[in-house]
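Tertiary structure, described
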Amino acid sequence: MPGAAAPGAGPELTEDLVPDLDQQLEFGIFPTPAADRIPELLGLVQVAEVEGLDLVSVQDHPYQDGFLDTWTLLSVLGARTTTIRLAPNVASLPLRPPVLLAKAAASLDLLTDGRVELGLGAGAFWDGIVAAGGPRRSPGEAVDALAEAVELIRAFWAGGTLRFRGEHYRAQGLHAGPAPAHDIPIWLGAYKPRMLRLTGRVADAWVPSMGYADPPDLPALAEVVDEAALAAGRPPGSVRRIYNINGRFGTGGGFLRGTPAQWAEQLAELTLTVGMSSYVLGTDDADVVRRFAAEVAPATRELVEAERARRATTSQEAPTGAATTSQEVPTEAATTSQEAPAPGRADATRGSGGHTVEPTPDDGHRLSPAMPWDEPSRPVAPDGSPGPYPEQAQHLKDIHDGLRGELAQVRDVLDQVRRGHLTVGAARSVVNTMTMRQNNWTLGAYCESYCRIVTGHHTLEDRSVFPHLRRVEPGLGAVLDRLEEEHVVIHDVLEQFDRALVRLVAEDGSGHAGAEVLEGVQRSLDLLTDTLLSHLAYEERELVGPLSRHGLS
């Protein structure tokens, strides 16, 4: 497997480099668990969730007097969040007996509806471990103990009567349980050959860190993981690649030392040439977290998606004169929908490479008693011939899928808040009132972030995408006019939703008034759901063809 140059410092991407493993991109933070900055720490994690990051992970050094206990902190974070996933990065195994670690992880996973992942480390800073009562292990003993721990932890999660006899760990007739809410992924932090091979054989994720494994070092280390996975009968892609990173925004050179756009280019290159797919940023600065989530993460995803689409299109193109066959698996929407496509749509969405983009169908289900527009009066775009840019149509659908997925999370968060209010009831205790206010604030902040994303997407379309399509395909004018009009209506619906959220945040949540406010939020969210899903389906139906013909340039 050839090596790759450091991202941002090497040649242009080529497919002769280490292959992209096609893993989903994820982004998270790695805050310092400082005991003297608890309010800032809790606020930072809340910002990360509101801004849409996927993961918060915490280092585990029980012998560090200035740090909070990792599992206690993760438990508090789990109670204060609703969507972001939680993980130790990585747990100090010599000070965490595997059975207790397995029970703690399973318990927190149940309490957080399946949001826990488990990072394990063989041990470091041995003087501190010994000072805390742990064993001092040689490098070989540490790897052997870690291998036993992974086996024992997974056996515990499987339940039943547990009998395990290893050199370092034992369990004699233990009644294992509870089982976790989902299959908890196990990460291993690994740098040396034996640990890397163990990672490839048994782990769900590999988690190196900058400073211990900088970008130029990653290809050779990843090769060891890949080879061990293949030798164990596993595809290399079954091992997720998580990278603990650090950097600063600026105008300088070097890896993660420039603008957010430069960060995105460097991380995208690392994904496409080495296979790294989850980036966990070490920072305690809320503004940095916001920029990482709002600027770096979406730009990185866009760059990776575009290159993956280009490679997929290129790989599907046969030599001139050769027969071509498509083996593409239909999308879920295409296989489950019985709705017939509008005339001319099927051909219009098929590119020269044989790639087909299926618009997401509108199932007609509505939550509100009335819609703010007349759906049957919507204009229909003219029929069109196949186009050479199917990846542009797919990009629109991917963005819409993201909006639909985030909308489902907003509805889930509101449902959790409503159930929480019902559980507490009309109690007036200080603790209950504070809890409900905290939940209201979290919901309000989360929804505010979503509304900002929707508005930003519509603004980009109004200012860039739609004017381009008007120029290259004048017959789309009526459709684009209608889409812009619906943007205005959705903006009004978003403002109505925002007003309902403001009332909720101002309300203490208890009593009859709190129930009425929650009902108002639910009605506003139902109307937003109806209008947005209807609009997205209509836009895809009318624009995937033109986008596949003309692209965005």
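Residues numbered from 1 in each chain as written. Predicted model: local features only at pLDDT ≥ 70, side-chain atom pairs only at ≥ 80, totals over all residues. Heavy atoms only, no water.

**Brief notes about the pattern of salt bridges**
A side chain with one charge can pair with a side chain of the opposite charge if their charged atoms come near. Here is the rule: We define a salt bridge as a side-chain nitrogen of Lys or Arg found within 4 Å of a carboxyl oxygen belonging to Asp or Glu. Only DSSP runs of H or I reaching four residues or more are called helices, and only runs of E reaching two or more are called strands; each is numbered from the N terminus.
If you walk through the whole model with that rule in mind, you get 30 salt bridges. With a shortest N-O distance of 2.8 Å, D526 and R411 are connected by a salt bridge. On the criterion of sequence distance, the pair formed by D526 in helix α15 (residues 511-550) and R411 in helix α12 (residues 390-424) is long-range, its members being 115 residues apart. Salt bridges sharing common partners tie together D362, R366, E375, R378, R482 and E486.

**Description of the environment of Y450**
Put simply, the rule is: Every residue pair with non-hydrogen atoms within 4.5 Å of one another is taken to be in contact.
Along the polypeptide, Y450 turns up in helix α13 (residues 430-472). Along the primary structure Y450 and V410 are separated by 40 residues, whereas in three dimensions their C-alpha atoms are 8.0 Å apart. Those residues in contact with Y450, other than ones at most four positions away along the chain, are L403, E406, L407, V410 and L532.

**Here we look at the packing of helix α1 (residues 38-50) against helix α2 (residues 70-80)**
Going by this rule: Convention adopted: a line fitted to C-alpha atoms gives each axis, helices being fitted over their contacting stretch, and angles between N-to-C directions are expressed from 0 to 180 degrees. Angle categories: roughly parallel below 35 degrees, roughly antiparallel above 145, roughly perpendicular from 65 to 115, and oblique for all the rest. The hand of a helix crossing depends on one turn: near helix anticlockwise from the far one by less than a right angle means left-handed, and clockwise means right-handed. Three residue categories are used. Nonpolar comprises Ala, Val, Leu, Ile, Met, Phe, Trp, Tyr, Cys and Pro, charged comprises Asp, Glu, Lys and Arg, and polar comprises the others, including Gly.
Look at α1 against α2: their axes get within 11 Å of each other, and the N-to-C directions meet at 50 degrees. By the angle between their axes, α1 is oblique relative to α2. Read as a crossing pair, α1 and α2 show a hand that is right-handed. Listed contacts from α2 to L41, L42, V45 and E49 of α1 are L73, V76, L77 and R80. Its residues placed into classes, the contact of α1 with α2 shows six nonpolar, no polar and two charged.

**What about the side chain of T273?**
As a reminder, the rule being used: Polar contact is the term for a pair of N or O atoms within 3.5 Å; when the atoms are in protein, one must be able to donate a hydrogen and the other to accept it, and sequence-neighboring residues count only if both atoms are side-chain atoms.
As for its position among the elements, T273 is in helix α8 (residues 260-274). Engagement of the side chain of T273 in a polar contact is seen with the backbone oxygen of E269, the distance being 2.6 Å.

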